[in-house]
Amino acid sequence: MTAETSLPVQVVDTMEHLDGRHAGYRRAHARGACFTATFTPTGDAAKYTTAAHLSGEPVSATVRFSNGSGNPAMPDNQPGGRGMAVKFQLPDGTATDLIGVNLPRFLVATPEQFLDLVRALAADKDAGKGDQAHLQAFLAQNPGSVPAFQALGAMGVPASFGTTGYQALHAFIWVNADGDRQAVRYRWAPDLGEQNLDADQIADQEEQFLIGEFVERLKGGPVTFTLHVTLADPSDPTDDATRVWPADRPEIVVGQLAITGEVDDQDHWAAQIFDPTNVTPGVELSDDPLPRLRNAAYSVSYDRRSHGR
Ligand code: HEM
């Protein structure tokens, strides 16, 4: 690796080192499936943002549920990251993305910390002793990362992709028709409620069950999620996804997503890119440095997987 190698390339190279290189797959959230959906806004966001999908007529959307690992063989019957990426189709023919995971806060605040973290995880894997000496050293140097690792350690195994909450974690800035700006954070709450499997159910479950379970469940009707948005106080940090905002911040219900069936062409949708920086007028990126790293890293991953690497 040369000194010229950019940070996003170093990040993706290290992710490959950690989870293996699986040709044609995303370097994170490798195994997933896409579904059709309709998002119906409540109208309550209209005074805060001009974004067409958040306050106008219902729009169609495509949802990709995934497992967090870059290894597509990673089992579902173990706790771990689960993702929900939503691409809203806008009335003007463009699209905008909203990407969440089942964590209440992110693991790091900065791109450099993310690289240090994946390097620590890769070094622990290389050491092969089953201990986490490098991760522990990272956490000692980066105490802001400890709460997210505690949340990761407390995770259960979700019964379904439809029984987990997903958070977009970064702050985004909503802009209304008067140009007023409001920092927000998004979360999808499953209308089925949060449900994890108990130990017996986990033991009975196949290694990979989440996609099949969801397809079966849809035969009984749509699976829905409610989109909640927290409105920040001006004193709340917008540049640090490891820090949650105080629990008493106001929340609005922005709308409901009804997931109706599998997309007709999984290969077409698997090849798409869902990108947190793909916002639309009425929504801007905040001063959080991670979405820009993600944009660059997702492009590196996309370039490799779309060339069969
Ligand atoms: C800054 C640190 C991060 C890095 C470097 C990173 C890296 C990646 C990469 C390389 C991919 C594969 C992209 C592709 O090939 O299309 C990916 C996918 C994904 N990431 Fe991240 N990620 C980061 C943070 C996050 C955060 C904070 C979230 C949640 C809010 C998240 C959720 C996801 C999801 C759900 C996918 C799958 C998207 C899809 O289904 O297409 N990531 N990530």
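As the structure is a computational prediction, the values presented were derived from the model and not from experiment.

Quick notes on the rules
Residues numbered from 1 in each chain as written. Predicted model: local features only at pLDDT ≥ 70, side-chain atom pairs only at ≥ 80, totals over all residues. Heavy atoms only, no water. Near = heavy atom within 4 Å. Polar contact = N/O pair within 3.5 Å; in protein donor to acceptor, adjacent residues only side chain to side chain. Helix = DSSP H or I, 4+ residues; strand = E, 2+ residues; numbered from the N terminus. Nonpolar A, V, L, I, M, F, W, Y, C, P; charged D, E, K, R; others polar. UniProt positions renumbered as here; feature names shortened; annotations may be inferred. Contact = heavy atoms within 4.5 Å. Salt bridge = Lys/Arg side-chain N within 4 Å of Asp/Glu carboxyl O. Buried < 20%, exposed > 50% of the residue type's maximum accessible area, 1.4 Å probe, protein only. Expected span 1.5 Å × (residues − 1). Phe/Tyr/Trp six-rings, centres within 6.5 Å; stacked < 30°, edge-to-face > 60°. Lys NZ or Arg CZ within 6 Å of the ring centre and 35° of its normal.

Trainee: Just checking my understanding: could you explain the site of the ligand for this structure?
Mentor: Around the ligand sit 27 residues, and of these Arg26, Arg64, Tyr298, Ser301 and Arg305 come closest. Arginine 26 places a side-chain nitrogen or oxygen 2.7 Å from an oxygen atom of the ligand. A distance of 2.6 Å separates a nitrogen atom of the ligand from a polar side-chain atom of tyrosine 298. Broken down by element, the shell around the ligand gets its largest block of residues, 8 residues, from helix 9 (residues 290–306). Here the residues of the shell around the ligand are counted per class, giving 17 nonpolar, 6 polar and 4 charged.

Trainee: Explain the UniProt feature "active site" (unreviewed entry) in the chain to me, please; I cannot follow it from the model alone.
Mentor: As recorded in UniProt, the sites labelled "active site" (unreviewed entry) are His29. Checked against the element boundaries, histidine 29 lands in the loop between helix 1 (7–19) and strand 1 (32–41). Ignoring any residue separated from it by four or fewer positions in sequence, one finds histidine 29 in contact with Arg64, Ser66, Asn67, Gly68, Ser69, Gly70, Arg82, Gly83 and Val101.

Trainee: Please explain the pattern of salt bridges as it appears in this structure.
Mentor: Once the charged atoms of two side chains with opposite charge are near each other, the side chains can pair. This structure, assessed with the given rule, holds 13 salt bridges. A salt bridge links glutamate 251 to arginine 187, with the nearest nitrogen and oxygen atoms 2.9 Å apart. In this pair, glutamate 251 sits in strand 9 (residues 251–262) while arginine 187 sits in strand 7 (residues 181–190), placing the two residues 64 residues apart along the sequence. Overall, the relative accessible area of 28% leaves arginine 187 in the partly exposed class. Connected through salt bridges with shared partners, the residues Asp13, Glu16, Arg21, Arg27 and Arg304 form a single ionic network.

Trainee: Is there a simple way to think about helix 3 (residues 111–127) in this case?
Mentor: In an α-helix, one turn spans 3.6 residues, which is why side chains three or four residues apart end up on the same side. If you check helix 3, its first and last C-alpha atoms are 24 Å apart, about what 17 residues at 1.5 Å a residue would give, namely 24 Å. By the burial criterion, the buried members of helix 3 are Pro111, Gln113, Phe114, Leu115, Leu117, Val118, Ala120, Ala122 and Asp124. Buried residues along helix 3 sit against helix 1, helix 4 (133–141), helix 5 (146–153) and helix 9.

Trainee: Is there a simple way to explain the packing of aromatic side chains in this structure?
Mentor: A ring pair, where both rings are aromatic, is described by two values, the distance of the centres and the angle of the planes. Evaluated as defined, the whole model comprises 14 aromatic pairs. Between tyrosine 48 and tryptophan 174 the ring centres are 6.4 Å apart and the planes differ by 35°, which places this aromatic pair in the tilted class. Here the residue tyrosine 48 occupies a position in the loop between strand 1 and helix 2 (52–55), and tryptophan 174 occupies one in strand 6 (residues 172–175), the gap between them amounting to 126 residues. Aromatic ring contacts, followed pair by pair, group Phe35, Phe65, Phe161, Tyr166, Phe214 and Phe225 into a single cluster. Positioned above the aromatic ring of phenylalanine 274 is the side chain of lysine 87, whose terminal nitrogen or guanidinium carbon lies 5.0 Å from the ring centre. Geometry around tryptophan 245 places arginine 185 over its ring, the cationic atom sitting 4.2 Å from the centre.

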